[in-house]
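Below, each chain spelled out in residue letters.
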Amino acid sequence: MLLPCVRSVAARRLARDVPRACSCSPQGPSPRGYSRGAAGKGLVLGVYSSEKNDGAAQFTSAGDAFDKLLAGKLRALLSLCGPPLKKGKTRVFHGLHQDFPSVVVVGLGKKNAGINDQENWNEGKENIRTAVAVGCRQIQDLEIPCVEVDPCGDAQAAAEGAVLGLHEYNELKQKKKPVVTPQLHGSAENAVWQKGVIYAEGQNLARYLMEAPANYITPIKFAEHIEQKLRSFSNVKVHIRPESWITTQEMGAFLSVAKGSAEPPIFLEIHYLGGANTNDSPLVFVGKGVTFDSGGISLKPSSGMDAMRADMGGAATVCSAIVTAAALKLPLNIIGLAPLCENMPSGKANKPGDVVRAKNGKTIQVDNTDAEGRLLLADALCYAHNFNARAIVNAATLTGAMDVALGSAATGVFTNSSWLWTHLYEASILTGDRVWRMPLFEHYTKQVTDCPLADVSNIGKYSRAGGACTAAAFLKEFVTATHWAHLDIAGVMSNKDEVPYLRKGMAGRPTRTLVEFAARLSQDSHNAK
Ligand code: BES
Ligand code: ZN
Ligand code: ZN
């Protein structure tokens, strides 16, 4: 029996009263007579930071109920273990209850945390996602296959924390982390919990596609993976358009990038018909799908180039959002468009100074072959105008400059519509992804349209200055729709440790925001057009 922080007589008495309660340190030893990895469930319980100075634990209602079941022993043990738990910090107790061999108590921060208008997110929800993710990972480290999770007052955020926090890409490793299945503790909020699971699984799908090596996720493999995910939905049509189709569509800018690679390009087109009428104006999503960006003839430095396997993050997030919308049965129509190809150097590749012709007839001087994303998107955006869209939203890992500007704090949103901006912004507060509005000034347009050989250059004439803004200004040349938003997601493409409920790796942001945005649009009866 081990209670390392126990000193007092009261504590020794308590230790006698609580058989097999063992360790309050995260990595504490297993109790005698109970081996880790044995059958049974783990339990993750949240605890708020104390509002009073008495140091007493402020349990959630699930925590309170569990403590009552144990006649107050959890509260007593916690107070013996030291000061109240800080946000995201844990204590683990083994053998407290026969149904739950291991119980992780995790700090949730302040009880009254809500929307923080300096941080532009709902802090309460973020705290829950983080606490639950940390708690579930601790259960995974203990090799317990099933964990019940305290809804912490917001079962959707709790489910998101569990499912996002446990996700890891280990497809190609022989030794994998044990699979842990999270479940809701109690049943009152089951539907809300399930919604959180679906949102998080959507983001995990994008993470999977982005993390996978480029020799596994080629354009055709990407399209087939998405098609397979959508196969069971009768109201979804998937078209995997081959190179011949792309040629007949006169998508000269997209084709000019694709021709440098041995992998054939694909134009993926998804129609989700969830609306009351199949001819209701759809929301159109467009995603940059460069399955590997070497830079082409304007070759990138080799260090860190492997990360460019995630340069299809735009396609991954928008397609995953549609898979999620279908799973949620959102009542609106959505079309997803993903131009997919590799950007490679070869004898057939674009050369700096080449001029290509986009679908709308505009000529483009390719001054830097590494600015390839905007070439694919130019054609895809022209095509997006065929659908009488309610709104066109594109996502793209478009510029390193976006990462320089905002880092991983927020997605940069360039939009010609304040209506669209408001919806995206409000969705992002809920999801914690965060967005930040960026300018579409004429100032930047002049820098891409002042071009020696063609109508527009694929880089700004002052090269690096305002790189994310000149890229957006370039895209604007291919848009006539009144409600268009370009999301530059280069900065949020991967996670080191900034988002505590995501492990290190490709982040799949902002998939949940796209889903939440679509959900809000489906409720917006005043169909702004
Ligand atoms: N895919 C990159 C942008 C990128 C960089 C995404 C880092 C994620 C992380 C894009 O195709 C690119 O290379 N853009 C160039 C544009 C430049 C040549 C004008 C860039 O940002 O350097
Ligand atoms: Zn590039
Ligand atoms: Zn790129």
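Residues numbered from 1 in each chain as written. Chains lettered and ligands numbered in written order. Predicted model: local features only at pLDDT ≥ 70, side-chain atom pairs only at ≥ 80, totals over all residues. Heavy atoms only, no water.

Visitor: What is the right way to read the overall build of the chain from this model?
Guide: When helices and strands are tallied, the chain shows 16 helices and 22 strands. Computed over C-alpha atoms, the radius of gyration of the chain comes to 25 Å, within 12% of the 24 Å expected from 2.2 N^0.38 for 529 residues, which places it in the range of a compact globule. In terms of overall dimensions, the chain has C-alpha extents of about 85 × 50 × 45 Å along its principal axes. Taking all 529 residues of the chain together, the buried fraction comes to 60%. The contacts of the chain with a sequence gap of at least 6 include a subset with a gap of at least 24, amounting to 74%. Accessible surface, the chain: about 21400 Å² in total, of which carbon and sulfur atoms supply 51%. (Helix = DSSP H or I, 4+ residues; strand = E, 2+ residues; numbered from the N terminus. Rg over C-alpha atoms; globule rule 2.2 N^0.38 Å. Buried < 20%, exposed > 50% of the residue type's maximum accessible area, 1.4 Å probe, protein only. Contact = heavy atoms within 4.5 Å. Areas by Shrake-Rupley, 256 points an atom, 1.4 Å probe, with all protein chains shown as cover.)

Visitor: Where do I start with the side chain of Ser256 in this structure?
Guide: Along the chain, Ser256 turns up in helix 9 (residues 252-258). Ser256 sits in the buried class, given a relative accessible area of 3%. There is a polar contact of 2.7 Å between the side chain of Ser256 and the backbone oxygen of Ala253. One polar contact links Ser256 to Asn350, side chain to side chain, over a distance of 2.8 Å. Every residue in contact with Ser256, bar those within four places of it in the chain, is listed here: Asn350, Val356 and Leu375. (Polar contact = N/O pair within 3.5 Å; in protein donor to acceptor, adjacent residues only side chain to side chain.)

Visitor: Can you walk me through the pattern of salt bridges in this structure?
Guide: Between side chains of opposite charge, a pair can form as their charged atoms come close. If you walk through the whole model with that rule in mind, you get 24 salt bridges. Across the salt bridge formed by Asp450 and Lys461, the nearest N and O atoms sit 2.7 Å from each other. Here Lys461 lies in the loop between strand 19 (456-457) and helix 15 (467-476) and Asp450 lies in the loop between helix 14 (442-449) and strand 19, a separation of eleven residues in the sequence. Taking relative accessible area as the criterion, Lys461 reaches 42% and is therefore assigned partly exposed. (Salt bridge = Lys/Arg side-chain N within 4 Å of Asp/Glu carboxyl O.)

Visitor: Just checking my understanding: could you explain the nonpolar core for this structure?
Guide: Inside soluble globular proteins, nonpolar side chains tend to come together where they are buried. Core analysis: the largest hydrophobic core is formed by 62 residues, its most contacted members being Phe222, Leu283 and Phe285. With nine residues, helix 10 (residues 313-328) is the single largest residue contributor to this core. Sequence-distant contacts of Leu283, that is, excluding residues within four places in its chain, are made with Leu332, Asn333, Ile334, Ile335, Ala391, Val393, Phe517, Ala518 and Leu521. Core analysis: the next-biggest nonpolar cluster, separate from the first, contains 52 residues, Leu337, Ala389, Ala472 and Phe474 among them. (Core = buried A, V, L, I, M, F, W, Y, C linked by side-chain atoms within 4.5 Å.)

Visitor: Before we go on, may I ask you to explain the pairing of strand 20 (residues 484-488) in this structure?
Guide: Along any regular strand the residues' side chains alternate between the sheet's two faces. Within strand 20, five of the five residues are buried, leaving the element largely enclosed by the surrounding structure. Neither face of strand 20 is exposed, since Trp484, His486 and Asp488 on one face and Ala485 and Leu487 on the opposite face are all buried. Note that strand 16 (residues 391-396) and strand 20 share five bridges and pair parallel. Residue pairing for strand 20: Ala396 is matched across the bridge by Asp488. Pairing between strand 17 (residues 411-415) and strand 20: four bridges, direction antiparallel. (Pairing = 2+ DSSP bridges.)

Visitor: Help me out: how do you make sense of the coordination of the zinc ion (ligand 3) in this one?
Guide: Tetrahedral coordination by four donors sets the ideal angle at the metal to 109.5 degrees; octahedral coordination by six donors sets it to 90 or 180 degrees. Only Lys288 (NZ), Asp293 (OD), Asp311 (OD) and Glu372 (OE) from the protein coordinate the zinc ion (ligand 3), and they sit 2.0 to 2.4 Å from it. Coordination geometry of the zinc ion (ligand 3): the six donor atoms subtend angles of 76 to 174° at the metal centre, consistent with an arrangement described as octahedral. All donors to the zinc ion (ligand 3) come from one chain, and their sequence spacing reads K-x4-D-x17-D-x60-E. Separating the zinc ion (ligand 3) from the zinc ion (ligand 2) is a gap of 3.2 Å, bridged by Asp293, which donates to each. (Donors = N, O, S within 2.8 Å, 3.2 Å for Na, K, Ca; no water. Tetrahedral: all angles 85-135°; square planar, octahedral: opposite > 155°, others 65-115°.)

Visitor: Hey, could you run me through the site of ligand 1 in this one?
Guide: Neighbouring ligand 1 are 16 residues; Lys300, Asp311, Asp370, Glu372 and Gly400 lie closest to it. Asp311 places a side-chain nitrogen or oxygen 2.9 Å from a nitrogen atom of ligand 1. In isolation ligand 1 exposes 510 Å². Once the protein is present, 78% of that is buried. When its residues are assigned to classes, the shell around ligand 1 shows five nonpolar, four polar and seven charged. (Near = heavy atom within 4 Å. Nonpolar A, V, L, I, M, F, W, Y, C, P; charged D, E, K, R; others polar.)

Visitor: Looking at this structure, how should I read the packing of helix 2 (residues 61-69) against helix 3 (residues 73-80)?
Guide: When two helices pack together, their arrangement is captured by the angle between the axes and the distance separating the axes. Where helix 2 meets helix 3, the axes come as close as 6 Å, and the angle between the chain directions of the two elements is 105°. In terms of their interaxial angle, helix 2 and helix 3 are classed as roughly perpendicular. Of the residues in helix 3, those in contact with Asp64, Phe66 and Asp67 of helix 2 are Lys73, Leu74 and Arg75. When its residues are assigned to classes, the contact of helix 2 with helix 3 shows two nonpolar, no polar and four charged. (Axes fitted to C-alpha atoms, helices over the stretch in contact; angles between N-to-C directions. Parallel < 35°, antiparallel > 145°, perpendicular 65-115°, else oblique.)

Visitor: Sorry, what's going on with the sheet that holds strand 19 here?
Guide: Each strand in a sheet pairs with another by means of backbone hydrogen bonds, the pair being arranged parallel or else antiparallel. If you walk across this open sheet you meet the three strands as 14-15-19, and the pairing is mixed. Two strands bound the open sheet, and with one partner strand each, they are strand 14 (354-357) and strand 19. Inspection of the sheet shows strand 14 paired to strand 15 (residues 363-366) by four bridges, in the antiparallel sense. For Val355, the partnering residue across the bridge sits in strand 15 and is Gln365.

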